[in-house]
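The residues making up each chain are set out below.
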Amino acid sequence: MGRGREWMEDVRDVFFKAFSKDYNNIKQLFNTMNDGVLITNHHQEIIAVNAAFQKITGYSLSEIYKKTPRILQSGKTKRAVFEEMWKSLIEKGTWTGELINKRKNGEEFYSYITITHVKKDEPEQSYFIGIMRDITETKQVMQTISYLAYHDQLTHLPNRTYFTRQVNEQIEQAMRSGKKLAILFIDLDRFNNVNDTLGHTAGDELLTKVANRLSVFFEDRAVISRYGGDEFCLLVPNVETKKEVYQLTEELIESFAKPFEVCGKKLYMTTSIGISFYPDHGADAHTLIKNANIAMYRSKHEFRNNYQEYHVSMDEGATERLQLENELYEALAKEQFEIFYQLQVDTENNKPYGVEALVRWNHPEKGLLSPAMFLGVAEETGLIRYIDEWVLRSAAKRAKQWHDLGLTELVISVNISQQLFERKEFVNIVKDVLNETKLDPTKLCIEITESAAVVDVISAIEKLKQLKKMGIKISLDDFGTGYSSLSQLKSFPLDVIKIDQSFVRGLLKEQESEAIIRLIVAMARDLNYSVICEGVETDSQKEFIQKVGCHYMQGYLFSKPVRDIECEKIMFDMMR
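Residues numbered from 1 in each chain as written. Predicted model: local features only at pLDDT ≥ 70, side-chain atom pairs only at ≥ 80, totals over all residues. Heavy atoms only, no water.

Caption draft 1: Geometry of the overall build of the chain. The secondary structure content of the chain amounts to 23 helices and 21 strands. Counting all 576 residues of the chain, 49% fall into the buried class. When contacts within the chain are restricted to residue pairs at least 6 apart in sequence, long-range pairs at least 24 apart make up 63% of them. Carbon together with sulfur atoms contributes 49% to the accessible area of the chain, which is approximately 28900 Å² in total. (Helix = DSSP H or I, 4+ residues; strand = E, 2+ residues; numbered from the N terminus. Buried < 20%, exposed > 50% of the residue type's maximum accessible area, 1.4 Å probe, protein only. Contact = heavy atoms within 4.5 Å. Areas by Shrake-Rupley, 256 points an atom, 1.4 Å probe, with all protein chains shown as cover.)

This is the structure we're talking about:
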């Protein structure tokens, strides 16, 4: 290395003497300091390094002597950083910044570097000094902190903060390109049922698998975020036409047709999706996300398992919904609900068989509200299970009073929502109600819908068997409108099938309705089930139902849903 080593010693002397007259102390500092030191000649060829540099990079001086610092480049540092570095060195003679470098073994590391250009009268005597500090560990800690700040810890998807930032950045690009971008606000339908029945561990597992499915489905086509709870937000950039987003959304909904494996069970989930577009529905992230959220709630309220594009007319509905949601909480606290009862009549003797308990809301400003006005919101908020439990307890108490008055055979029917039915403690809730009210279990009929029965068939059958063992009757409500089949019905320990009123209303007008009712009655007879026909309003409907052998009738021909006192009067009049 001959003359090279002599040159290196000359430069060291210049370097050390430039900072102190104490040559030996500075020379010792050069060799013992923790920061790496790199010295190059005016051609940027390496001529000196200290021990710390060798430790940081893995290179000895002999391995990199007369080579340029480019040997350390990883290719990960942005070109703009180097451009800014050389501009600063030329104009100011110094630069400080961060570089992503590479060690001898190929490992990347972050370095915090200060480079100084020491100029001499004779250019060939000039040199560069670089002082390098390995900040990899600090950088990794900062990256971890940053990751945690901007990502959801459960699904590892970007969180709300990061997503909002991405939307705003994409809006700026869309402004320049003239293209649209779309926001998809996704909510899992009836997700709370999973938490309530299988526990929060299952809920977390489901959210993780939903996140994975979304990531696989969209790949690089969208930014996916877990916005909160069971809500996900998607940003679709570079949109040419709305049609392509509609098609993508429809394909996404179809992708949920495949069940999710959670805790050894197959869960079928559906989604409600709201869509907003830039610039049609907003010029900033907050407005676009808000409007997509409003559209999602409209989809959930009207359709479920579908999507809606935002429209300005939805704003009023969203405000009303939020107000209704808050008022429902207050209604529960202030006991503003009331039960109306509708008579069920025996087709053979035209005497009262039972009554169905139907909830109403005595709204302090809007008056008496039917279930259609508030049960949808109650389901979405999870309040439906508390309303149902209150109805069950109150109706059982009233039925016991009627029994004590002499209506000893009267059966009280209570509708149970899917949310309450799927709770682990549901059977115990029913037991507590019976113990509290002293109602004869054989005079209580629990009505469930087809959807409640088929979500988790094994669990549903077990609960129904426990209720049957107590003597409680089980009714399948609105039969014929869902997905029940004969094979499914054989598995459920039912007592009663209720034929939906839509078929009864079609009697004498549609031969198909008559055929369906005959078929259901015949099937029920073979399975030893009783049948109740709802929606009976005319004598001709009554005659047909009696003719085909239906056991019980319910409808306006006998009584509308009325308050308990009026219902009591009707029943005693019919008993005379």
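Caption draft 2: Structural view of the packing of aromatic side chains. A full pass over the atoms with the stated rule returns 13 aromatic pairs. Ring centres of Phe-337 and Phe-374 lie 5.8 Å apart, and the angle between their planes is 40 degrees; this geometry places the pair in the tilted category. Taken as a pair, Phe-337 in strand β13 (residues 337–346) and Phe-374 in the loop between β15 (367–369) and α13 (375–381) lie far apart in primary sequence, 37 residues in all. Where Tyr-341 meets Trp-402, the ring centres are 5.1 Å apart and the plane angle is 75 degrees; that geometry is what we call edge-to-face. Of this pair, Tyr-341 sits in strand β13 while Trp-402 sits in helix α14 (residues 384–404); the two residues are 61 residues apart in sequence, bridging distant segments of the chain. Looking at Tyr-341, the relative accessible area reads 3%, which means it is buried. Relative accessible area serves as the criterion here: at 0%, Trp-402 is assigned to the buried category. Every member of this aromatic cluster is reached through a ring pair, and the members are Phe-337, Trp-361, Phe-374 and Trp-390. Here the basic side chain of Arg-160 rests over the ring of Tyr-227, its NZ or CZ set 4.3 Å away from the ring centre. (Phe/Tyr/Trp six-rings, centres within 6.5 Å; stacked < 30°, edge-to-face > 60°. Lys NZ or Arg CZ within 6 Å of the ring centre and 35° of its normal.)

Caption draft 3: The packing of helix α7 (residues 160–177) against helix α11 (residues 285–302), seen in detail. For the pair α7 and α11, interaxial distance at closest approach is 9 Å and the crossing angle is 115 degrees. Comparing their axes, α11 and α7 come out roughly perpendicular. Crossing handedness for the pair α7 and α11: right-handed. Counted together, Phe-163, Thr-164, Val-167, Asn-168 and Ile-171 of α7 and Ala-285, Leu-288 and Ile-289 of α11 form the full contact between these two elements. Here the contact of α7 with α11 is composed, by residue class, of six nonpolar, two polar and no charged. (Axes fitted to C-alpha atoms, helices over the stretch in contact; angles between N-to-C directions. Parallel < 35°, antiparallel > 145°, perpendicular 65-115°, else oblique. Left-handed = near helix turned anticlockwise from the far one by under 90°. Nonpolar A, V, L, I, M, F, W, Y, C, P; charged D, E, K, R; others polar.)

Caption draft 4: Spatial organisation of the sheet that holds strand β3 (residues 94–102). Spatially, five strands are ordered β2-β1-β5-β4-β3 in an open sheet, and the strand pairing comes out antiparallel. Looking at which strands have only one partner, the edges of the open sheet turn out to be β2 (46–49) and β3. Each strand of the sheet is rotated relative to its neighbour by a mean of 25 degrees, with strand direction disregarded. The strands touched by helix α5 (residues 79–92) are β3, β4 (108–118) and β5 (127–134); relative to β3, the strand with the most contacts, the crossing angle is about 150 degrees. Strands β3, β4 and β5 of the sheet are contacted by helix α6 (residues 136–150), whose axis makes an angle of about 125 degrees with β4. (Pairing = 2+ DSSP bridges.)

Caption draft 5: Summary view of the packing of helix α8 (residues 191–198) against helix α9 (residues 200–218). The N-to-C vectors of α8 and α9 enclose an angle of 140 degrees; their axes lie 6 Å apart at closest approach. By the angle class used here, α8 and α9 are oblique. Mapping the contact onto sequence places Phe-191, Val-194, Asn-195 and Leu-198 in α8 and His-200, Ala-202, Gly-203, Leu-206 and Leu-207 in α9. Along the lines of polarity and charge, the residues of the contact of α8 with α9 split into six nonpolar, three polar and no charged.

Caption draft 6: How the structure looks around the pattern of salt bridges. In total, this model carries 30 salt bridges according to the counting rule given. The shortest N-O distance in the salt bridge between Arg-133 and Asp-35 comes to 2.9 Å. Taken together, the residues span a long stretch of sequence, with Arg-133 in strand β5 and Asp-35 in the loop between α2 (23–32) and β1 (36–41) at a distance of 98 residues. Of the residues examined, Arg-133 reaches a relative accessible area of 47% and is grouped as partly exposed. (Salt bridge = Lys/Arg side-chain N within 4 Å of Asp/Glu carboxyl O.)

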